[in-house]
Structure formats: structure tokens, C-alpha cells
Amino acid sequence: MRHKNPSSTLVLLSVGLILALFLVACGGAAPAQPTAAPAAPKAAAPTAAPAAPAAPTAAAAAPVAGQKTWKDLKLQHYDVPSDTAARWNVIARWAKKVEELTNGRVTFKIYPQDELAKVAEMPGAAAKGTIDAYVTNEFYHTNVHPWLGWTFLPGSVDASKWDTDFIKLMNGGIWNIMDREFAKVGLKQALPFNGGPIFAFAMRGDYIKEAATAKGRKIRGAGGGTSELIKLMGGSVVSIAGPEVLPSLSSGVIDGALTSIDLGVYSWKWYEVAPYVSYFPSFPMNSWNVPVVMRKAIWDEFDEPVKKAFQDAAVQMQPVAAELVKKDTQWALDGLKKDNKIATWIGPDEVSQQYDKLARQPLREWWLKQAGDSGKEIITIIDKFYGRN
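Residues numbered from 1 in each chain as written. Predicted model: local features only at pLDDT ≥ 70, side-chain atom pairs only at ≥ 80, totals over all residues. Heavy atoms only, no water.

A. Main features of the sheet that holds strand β2 (residues 106-111). Read across the sheet, five strands follow the order β2-β1-β3-β10-β4 without closing on themselves; strand pairing throughout is mixed. Every interior strand has two partners, whereas the edge strands, β2 and β4 (187-191), have only one. Across the sheet, the mean angle from the axis of one strand to that of its neighbour is 30 degrees, orientation sign disregarded. Bridge count between strand β1 (residues 70-76) and strand β3 (residues 133-135): two bridges; the pairing is parallel. Within β3, the position partnered with Leu-75 by the bridge is Ala-133. Contacts between helix α2 (residues 86-101) and the sheet are confined to β1, β2, β3, β4 and β10 (292-295), with β2 contributing the most and set at about 160 degrees to the helix. Here helix α4 (residues 162-183) sits on the sheet and contacts β4 and β10; the angle it forms with β4, its principal contact strand, is near 145 degrees. (Pairing = 2+ DSSP bridges. Helix = DSSP H or I, 4+ residues; strand = E, 2+ residues; numbered from the N terminus. Axes fitted to C-alpha atoms, helices over the stretch in contact; angles between N-to-C directions. Contact = heavy atoms within 4.5 Å.)

B. Region of the structure containing helix α5 (residues 225-232). In terms of residue burial, α5 counts as a mostly covered element, since six of its eight residues are buried. Here α5 has its buried residues at Gly-225, Thr-226, Ser-227, Glu-228, Leu-229 and Ile-230. Next to the buried residues of α5 lie β6 (218-220), β7 (236-238), β8 (256-260) and α10 (349-385). Immediately downstream of α5, the backbone of Gly-234 shows phi near 90 degrees, a positive value. (Buried < 20%, exposed > 50% of the residue type's maximum accessible area, 1.4 Å probe, protein only.)

C. Structural detail: the packing of aromatic side chains. Tallied over the entire structure, the rule returns 25 aromatic pairs. Arranged with centres 5.1 Å apart and planes meeting at 75 degrees, the rings of Tyr-78 and Tyr-140 form a pair that is edge-to-face. Residue Tyr-78 is located in the loop between β1 and α2, and its partner Tyr-140 is located in the loop between β3 and α4; the two are separated by 62 residues in the primary sequence. Classification of Tyr-78 as buried rests on a relative accessible area of 6%. (Phe/Tyr/Trp six-rings, centres within 6.5 Å; stacked < 30°, edge-to-face > 60°.)

D. Quick peek at unusual backbone geometry. With phi around 55 degrees, Asn-103 is a residue other than glycine that occupies positive phi space. Along the chain, Asn-103 falls in the loop between α2 and β2. Its relative accessible area of 18% is what places Asn-103 among the buried residues. In this model, Asp-114 sits at a positive phi of 70 degrees, which is unusual for a non-glycine residue. Tracing the chain through its elements places Asp-114 in the loop between β2 and α3 (122-128).

E. Here's a closer look at the nonpolar core. Core analysis: the largest hydrophobic core is formed by 87 residues, its most contacted members being Trp-94, Phe-108, Trp-150, Phe-310 and Tyr-355. The contacts of Trp-94, once residues within four sequence positions are left out, are Leu-75, Phe-108, Ala-190, Leu-191, Val-292, Phe-310, Ala-313, Ala-314 and Met-317. Val-238, Val-245, Ala-257 and Leu-333 belong to the second-largest nonpolar core, a separate cluster that totals 19 residues. (Core = buried A, V, L, I, M, F, W, Y, C linked by side-chain atoms within 4.5 Å.)

None of the figures reported here should be taken as evidence of function without further support.
Below you can see the structure in the form of C-alpha cells.
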């Protein structure tokens with residue numbers, strides 16, 4: 001057994017006494033519990049997370065521990081990926097914005113048309129849970145949710161102010177009405193944006209100018225209000241899926257198509273067999289809602305900060321969507337000027353006004369038969385907004 005050296009012990013006691021006297025002289029006091037050192041920063045309570053920055057960055061994307069997250073929600077589009085298609089790129093940017101504003105708590109995985117469910121079946125697939133959300137336009141599902149179809153009605157959105165009036169009308173009460181109707185079928189509109197003035201006629205033989213120039217011609221419509229318009233013009237409506245349009249134009253099964261100038265006319269090269277392209281910048285029915293619709297059960301799970309992030313993302317995407325639509329339209333017009341041997345006919349305002357007079361009341365009546373009381377409420381908001389009451 002090893003014994004302690006008494007002299008060493010005495011030395012240590014002396015040193016301790018001197019140190020204590022020194023601290024008292026300096027105004028300090030020795031801690032009552034010398035071993036209870038001040039907590040290191042790493043020992044701070046884990047729930048005391050720093051406030052999220054006003055503009056979250058990628059580095060701040062991780063959610064706070066314990067918060068619920070919704071990762072890779074399955075979002076199916078009616079379109080396909082393209083660098084020049086605003087409908088795809090707006091949704092991609094919106095999904096990133098939602099991820100950013102929720103600090104990574106909500107993320108989407110976007111699927112192209114028909115990958116998880118047929119486009120025509122997307123509303124039912126979302127309600128049942130096969131997919132979590134989908135992107136549509138008002139033409140594709142008119143028979144399922146007709147309340148979407150108000151934007152294509154003549155006079156519903158001022159053609160010269162489509163990029164600003166649409167969201168004002170939505171936030172003026174129309175979004176609330178649509179949410180009420182969507183809830184009845186287990187859905188929720190998470191984002192609306194305006195597809196803008198992109199529709200054009202691509203025809204064989206000759207242009208579509210005034211409405212009478214469609215008389216007797218077989219024209220493929222996009223469905224919904226577009227088909228009703230062709231009927232009012234005296235044309236014969238033909239329902240053909242997008243991939244079948246080009247061979248149908250080539251063989252003469254149809255004489256032309258009403259479609260988007262950037263995608264159908266130019267990207268898909270329908271102009272090669274239907275070179276008589278007519279584009280109306282102020283066409284009175286050239287405003288259309290392209291919404292993201294999701295299963296309401298998921299929306300109901302979101303807490304208020306997440307719902308607020310979705311609302312903020314929708315507002316922030318409106319000017320982005322408008323600029324992308326304008327850019328795509330100009331890209332298509334420039335491309336047609338360069339590649340098409342026949343010049344695109346640009347419809348003047350006077351001709352667009354002729355279409356307005358032709359179609360406004362009949363299309364309203366057609367739509368109201370489908371949309372019922374909710375449609376009447378929406379029409380009332382539109383007319384009040386434009387001072388028609």
C-alpha cells in the first residue's frame with residue numbers, strides 16, 4: 001500500500017487557502033458547487049431552435065425535429081417535361097417554392113401525363129390516393145368539376161389584363177367557392193394560375209379568321225368550352241387525343257385544330273401539315289385556369305404554417321407564370337416566323353370582339369347548366385368586378 005506524503009498535503013492546503021483569499025479580495029466568490037460548470041452551448045434544450053430566416057435558403061431546408069413532414073407527394077401533370085412549356089415549368093418552380101417556404105416539410109415528385117393514372121382519371125385517382133395531387137386545365141375535367149370552367153368564358157377575364165385580373169378574381173371570392181365545391185369530392189385546389197393567351201388555330205388549306213371561316217370544317221377542340229366554341233363558329237368538332245392529331249391532320253381526317261401555339265402548333269410541329277396558323281392575342285376566351293388539385297385529406301393534415309406557405313407560394317407564382325407564358329408564346333411566334341413557310345395570321349382586336357359577341361351569352365348559358373348555383377355565384381363576382389351589375 002502506497003502512503004501519502006504529509007508535506008505534500010500541507011502544500012496543497014496552503015495553495016487552496018491562498019487562492020480562496022485572492023478571489024475574495026477581487027470581489028469574486030467561489031462557486032458553491034465547483035463541479036457544476038456553466039452549461040456548454042451543446043447542452044442547450046433541443047427544442048430551442050433558431051427562428052427561420054425570412055427568406056429560407058437551401059441550407060435551412062431541414063424541418064425542426066418532431067415536426068410532421070410530407071415527402072415526395074405524388075403530383076401528376078397532364079403535360080410532359082419541356083424546357084419551353086410554361087405549364088410544366090410553372091409547376092416545377094411552384095413545387096420548389098413550396099419546399100422552400102415550408103423549410104423542406106413538404107416536397108413533391110412530379111410525374112408526366114399517364115405515368116401513374118390516365119389524365120381523364122386523375123381526379124378519382126387523387127381522391128382515392130393513387131396519386132396525391134394533379135395538374136389539370138379546365139377543359140379536361142369539365143364533366144367532373146365544372147366550376148373550373150369559368151375562365152374560358154368570354155368576358156370572364158379582361159384579355160388585356162389576364163396576367164393580373166385572374167388572381168384578383170380568384171381572391172375576390174371565386175377560390176372560396178371552388179374550394180367548397182372541391183371539398184364535396186374530397187379535393188382541394190392548392191394552386192391556380194392563368195395559362196394566358198396561347199390558343200391558336202392550325203389549319204390545312206386556309207386560315208381561321210372571322211368565325212364564319214370555320215363553317216363546315218372539321219376541327220379538333222381541346223374539350224369543354226373550346227368544343228362549344230367551334231360549334232358556335234359552324235365547325236364540326238372532332239375529339240382526338242393529342243398524339244393522334246398529327247397523323248389525322250396529315251391524312252385529312254381533320255382540317256385543323258384549336259390548341260396552344262407553343263406546344264401543339266410549334267413544339268409538336270402540327271404546323272408542318274397545318275401551316276395556316278391564326279393567333280389571337282386578345283381572344284376573349286384565351287384565359288384559362290391551370291390548377292394543382294390535391295387530396296383534401298392531405299391538406300387537412302397541414303398545420304397553419306404549412307397552409308400559409310402554400311398561400312404565399314400561390315401569390316408569388318402568379319407573376320412568374322405570366323412571364324413564362326409570355327416568353328413561350330413569343331418563342332413559338334418567332335419559331336413559326338423562321339420555320340414555317342406560311343406567315344402566321346395575327347388576329348386584330350376587332351375580330352376578337354366579333355368572337356366575344358358571338359360566344360359570350362351562349363357559352364355562359366352552356367356553362368351554367370353544368371355549374372349550377374356555384375356557377376351563378378362565380379358569374380356574379382365576375383360581373384361585379386367589371387362593373388356590369
